[in-house]
Structures are given as C-alpha cells and as structure tokens.
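A closer look at the structure
Listed here are the chains, written in short residue letters.
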Amino acid sequence: MSNRLARESSPYLLQHGENPVQWYPWGEEAFDAARRENKPLLISIGYSTCHWCHVMERECFENPAIAAVMNEYLIAVKVDREERPEVDRLYMTAVRAMTGQGGWPLNAFATPEGKPFTGGTYFPPSDRHGRRGWPAVVEAVGKAWRNPAERERLIAQSEGLTRAVRDDLIPAVSSEGFSRGEALKACFSALEESYDEANGGFYAAPKFPMPVNQSFLFRYGDAVGGDAGRRVQAMALSTLRGMARGGIFDVLGGGFHRYSTDGRWFLPHFEKMLYDNAQLAVNDLEAFQLTGDRMFAETAGSTLDYLLRDLTHPEGGFFSAEDADSFPGSGEGGEKREGAFYVWEAEEIQKILGSPDAALFSARYGVESAGNVMEDPQGEFSGKNVLFEARSLEESARAAGIPLDEASRRLEAARTKLLSVRTRRCRPLRDDKILTSWNGLALSAFARGAAVLGEDRYRVAAQKAAAFIQGNLWDGERLYRRWREGKRDIVALADDHVFLAQGLVDLYETDFKVERLFWAERLMEETLGRFQDPATGSLFSAPADHDPHLILRAREEGDNVEPSAASVAAMTLLRLARYRGREDFHRAAQRMIEAHLAFASGGPRAFPLLLAASLLVDRPSRELVIAGDPLSPETRGFLAVARRMFLPDLSLILADGGPGQVALAERLPFLRGVGPVGGRPAAFLCHSFSCQTPAFTPEDLERGLDKPEDPFQAKGPPPR
C-alpha cells in the first residue's frame, strides 16, 4: 500500500512511497502529527543514488514487522538531502556531535519541535557487527519517550545538543585571526602536507575528487608565478592525471564516479553525480589551458559528452545523478549489485573483441582473467574487472608490436564495441530531478567547454540549459530549487542563486549576450538582500523566511565536494563588479571573504575556493576587449588566443558596436570609444579600464597576454 511519499516529486521519496512505514514528507503535517500524538520524530535523510540507503530500505523499511514498530512509536519523516541540504546539514551536525561520524542514510530522532536528541546512520535489521538492530533502537527510543521521566531527560538532551549544533552552524569569530595572505599560505601548506606524491590527491582512502582544491592550486600558483607557481600547480595536475587514469573515470562512457574507495583512484563507488562531473570538467579544461596536454582536453570532452548523452533533459536542463547499483546483465532476476553496469569479465571482453584486440585492450586497461579487484572482502567483484589505464598507449602498442596510430585506432574501435554492448545492460537508476544549483555548475562547464575546446554543441547545450532554468525555475521575481516532470518547488537557497549567476557570467564570456550579465547581477542582488548577514557580511544558506520548522538558520560552511555558496558568491561578485562597474559588489565580496575566514573553525584549509576568490580582491582589473564582428576570422583568432590560455583574472569583452556594447558602456564608459581600427578588428589589453596600443594579430595578442607582469602603458581610450 502507498504511503504519503507516493504523492511527492523527489525520486528518493518516491522510492519509499510503497514502504509499509507510514512516512511523512518534511512539512507541517508531520510536525502537527508529532505534537498531536506526542511522539518523537524520526528524520531519515538520504538520496536516490545512495547505496546504503537502498540497503537499509530493503532490510528495514520494506519489512512489515519492523515498519509496524516504527509506526507505533514514531512519526517518520523522509528527506531528500539534495533537495533540502539545509535540513540535512542541521541533523548531520547533530549526529556527528553525538557519534563522531556521519553519512547516509542519516537517522535522527527529534522532539516534536524538531530538536534532535539521538541518532545514527545505517542500522541493520538485527544486532550485527557491533551495530544495534534498528527495531530495538526504535523501540527503546519510543518507550523512553512514553516514560515521563525519560522524556524529560531526552528533552533536556535535545536542548544541549541544539546549543552545540547552533555553535557549530552559527560559529563565533575564530581566535586564529588569519590575514588573507597568511590564510593563503596556510591553506597551501595544509594541502602540501596531505598531498599523495605517488597517486595524486589529498589524504588517504577513501579518496574524493575535491575539485575546489585543484581550482585553488591553479589560481594560487598563477599568483605565485615562476617555477614556484608551477610547482604549486603540479599537485593539481598530477591529481587530475591520477583520476583520469584510474577506475574512478569511466573509460567507455566518460564521466567520473563518486569517489575512490582506495588510495590510488582504482576502485570507485560507482554512482555518478552531476556536480562532480561539472566541476571536474572545468578542472580539466583549466589544466589543458595551463599545459596544452590533449589528455586533459579529451577527459573534459568525454565528461561533457557523458552529461549530454545520459544526464540531459530533452528541453535542456541536466538531471542529477545515476545510481551505483543495478541489476546484472539485462536485469532479469537477481538483486542489484554495486557497479554491475560498469565491470567486466575477461571472457566477455574476449568474446566481443576477439583475440588480438582483446589482448591489446586488456593490456591497456588492466583486464585480468581472474579479475583485477584484489581488495574485495565482501566478494562483490569476484572475477570482475574495473577498467583503468594500466599502461600508456605507447606501452600498449609496444607490447603488441604494432604502430602507435594502429593501436590508437583499434582501441577506439574496441571501446565503441564494448560501450554498445554495455548500453544493452540494465542501466542504473537515474535521478531525474533538476536542481538549479547543480545546473549552474553544469552551465559553467558547458560554457567553458565551448570556449576552450571550440565545440559549438557545448555552447548550444549551455544556452539551452540557461533557457530551461529561466523558463522553469524562475518566475521573474523568485528562483526555485527543484523541477521535475513539469513541477517546480522549494524556494531557492544561496547556492542556487550564486552557482547559477557564476554560470551566466561564464556563458557571457562564451556567447557575449549581455543579458546573461544582467540576470547574474539581479541574482547577486537577491543573494545580498536575502542571504547576507548585515551585521557580519557572511552568508546564510537559507533566507530568513525559508522554513518555520528549521530550528536555526545556518551560515554557509566551507568548501567541500561542492563549493561553498559563500566562495562562489565572492568570486562572482568580484567578476561582476568589473563587468558592471559595481564597487558595492567588490566591497560586499571583500567583507564576505573576511567574515567567513574569521568564522572558519577548521581554519583556512576549509575555504580553498574562497581564498582563490580573495586573490582578485586587491588585483587591479584586467580587461581584454576584442573589437570586431564575432563571425570574422580575425575576431575568432583573437578569441581563440584568449581562450587557450589560463587567465583567471581577465575579463573578456566583445565590442561589436551592437546593443550589448552600448549597454555595458553605460557602466563602463571606456567602452564607448572602443571599436575596430581603420576597419580592422583589434584586441585591446586594458588595466583598470585604461587600454594600451591595440594588437592587430593573434600572435601580437599572445605575446601581450604572455607577459602579465609587464606594466601596462596606459594610452587612454583607444581610437576607432
């Protein structure tokens, strides 16, 4: 029989819509029921592609006897953490404070007012491996609540825990008091100390991609300059190479899996997330700009192609994720298994490719006859192979005794054949909700992919995504967070506003449609008005009027697998300050950076992307104005030069004499005098809106851009 979740839109909640547990969605009905029936709340949080969430559902929530215990003692609430990250963060903080660890599924018990008093993560159906069984936990909590003396103890416990959560989520100013310069050095030192020289990445297993670290290292290295700066950037480049060569990268279909369970990027947790792939594509594009190494371009392109093929709505938005688990083979019978869609038996590869090509492919991608997963205590991957780059193309060709170009051609054909076979397997579940925040990250990835790789289909994808969000998640006054099957819902959070604004600025630098900047400016005005703390300048995750059931309003936390909204806000405010002549945006960004560094309980290491933004605060603005028809070969040549270089502090402007240039010139008067010189397209390097002698060839422009340390010789407004 269906429960209340069957009427919801979230794929995660719908997964639980047929459970015998009488689930409630987060909202007034659940809180009313808890008060009316005087029962504690169970706030159970997960997401649709969460492996252990599926396990606990099968073992506990689908069990009628266990569900009966839950229904007797609790008001059970299901929450999709991706739709409601502010709810998840509150109860995750509480559970970590109680147990010292967190994860999903998250199961927090709370008073009818929503104040947590105990909880944990995954619970088995009976006592097992040192974990107490779920029905016993539920019964103990329920009986304690029914006992007046015990209930008073739990309420007192909830008050103390709520105070601890408040101290964590609304922290006082840190006593460490780092200046921006000290914070930059401290963040780099922390990364350097944790860097894995052998495999790339930071810390030991499990190893998460953490794109914010690479973004910081690229920008900090650029600021340091010279050989020292290149050594800083080398850590990020080595990390990206390690991921591209490891099993965490999908050799056949493109895109990155969620994380590596080991320290060498080999054995992944197989779910794929939009936000990981969008950010990692940008990392690889920037690595390509820095090095010219085609491997980075190919990795970025393969990742974007995966998103286009498997995570794109026909009208242009991007879906959220694909599961790690699926049914083996064509899906007839059996249970879902981790990675079943992605792993291979050697015999299967031999049968599909035939002997010579199977041997070449196996040498290149580490296929072993008995399987290549050595550390597999549960035997999940017995006899299976995770594809990874075991040998370079050159080594593989040499071992096979064939020319390099022949090896490349045969391997490409082999990958195509295997991908075709794989598409006939039972696919993992796709979470088809469309989140504004993650779509903003994808918008950046496709816009920048179009610019750096020169792929027009990526530009079209970015433009369609922007149009989709504007048409479906923006009502002209207010932004919404989630869209699915024709319905938008949930008022947008800070990350929705700022990730989208960042994507729009990136899209302007790709298609030069000035309305992108206008909408981004509006979104950042909304961000400052609805989310910034006027007393401190810091950023809250949710607006003040967001949800009456949240017991507190949290400040934005540090950069993690997703960047902090505060970091992206600061960076986007600083970029828009230059494009729109907004000194108030510059001041707001500077104040936000200083506030969050002061509140960072984990020290500067918690905010690498915020510190990357701080590098722009004191740098004079640099503009590259390209004057000419955007369709002309000369103008395209100038753009190609700018886009193949890593220039994180440069604002790129097209002066084509059209309405866009006129609109920008209202705030940036220096643009009024910019145009082709003697009918020839020209490129003007400018410093704080004062321009030097124009370049008339891409080669001259490249020489000028290649020497950013040279002082600009101000020449005033350039001639027409």
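Below: a short report on this structure. (Residues numbered from 1 in each chain as written. Predicted model: local features only at pLDDT ≥ 70, side-chain atom pairs only at ≥ 80, totals over all residues. Heavy atoms only, no water.)

**Considering the side chain of Ser396**
Applicable threshold: Secondary structure elements follow DSSP: runs of H or I of four or more residues count as helices, runs of E of two or more count as strands, with numbering from the N terminus. When accessible area is computed with a 1.4 Å probe and restricted to protein chains, residues below 20% of their type maximum are described as buried, those above 50% as exposed, and intermediate ones as partly exposed. Working rule for contacts: check all heavy atoms of both residues, and any pair within 4.5 Å makes them a contact.
In this fold, Ser396 is placed in helix 15 (residues 393–400). For Ser396, a relative accessible area of 1% gives the class buried. Residues contacting Ser396, with those up to four places away along its chain left out, are Leu360, Ala363, Arg364 and Arg391.

**Regarding the state of the cysteines**
What counts here: Disulfides are defined as pairs of cysteine sulfur atoms found within 2.5 Å of each other.
Taken as a whole, this structure holds 2 disulfides when the rule is applied. Two residues share a disulfide in this structure: Cys50 and Cys53, whose sulfurs sit 2.3 Å from each other. Taking the sign of the S-S torsion, about 80 degrees here, the bridge from Cys50 to Cys53 comes out right-handed. For the pair Cys50 and Cys53, one class covers both residues: buried. Here Cys686 connects covalently by a disulfide to Cys691, the sulfurs 2.1 Å from one another. Residues Cys686 and Cys691 are joined through a disulfide that is right-handed, its torsion about the S-S bond being 90 degrees. For the pair formed by Cys686 and Cys691, the shared burial category is buried. By sequence-ordered numbering of the bonded cysteines, the chain has its disulfides arranged as 1-2, 3-4. Cys426 takes part in no disulfide bond, and the closest cysteine sulfur to it belongs to Cys50, at a distance of 19 Å.

**Describing the pairing of strand 16 (residues 622–627)**
Side-chain positions along a regular strand alternate between the two faces of the sheet. Using the following cut-off: The pairing criterion for strands is at least two bridges between them, as found by DSSP. Crossover handedness is defined here as right-handed if the route from the first strand over the helix to the second strand goes clockwise, with the strands pointing away from the viewer.
In terms of burial, strand 16 is largely enclosed, as 6 of its 6 residues are buried. Two elements, strand 16 and strand 17 (residues 650–655), share 6 bridges in a ladder whose sense is parallel. Among the inter-strand pairings, Ala627 is bridged to a residue of strand 17, identified as Ala655. On the question of chirality, the crossover connecting strand 16 to the parallel strand 17 by way of helix 24 (residues 633–643) is right-handed. Relative to strand 18 (residues 682–687), strand 16 runs antiparallel, the two being bridged by 6 bridges.

**Digging into the sheet that holds strand 18**
We count it as follows: The convention used is that axes are lines fitted to C-alpha atoms, helices contributing only their stretch in contact, and that angles between N-to-C directions extend from 0 to 180 degrees.
In spatial order, the strands read 17-16-18-19; together these 4 strands make up an open sheet with mixed pairing. Of all strands in the sheet, those with a lone pairing partner are strand 17 and strand 19 (690–691), marking the two edges. Of the strand pairs in this sheet, strand 18 and strand 19 are connected by 2 bridges, and their pairing is antiparallel. Each residue of the ladder has a partner; that of His687, found in strand 19, is Ser690. The strands that helix 26 (residues 698–705) touches are strand 16, strand 17 and strand 18; relative to strand 18, the one it contacts most, it runs at about 15 degrees.

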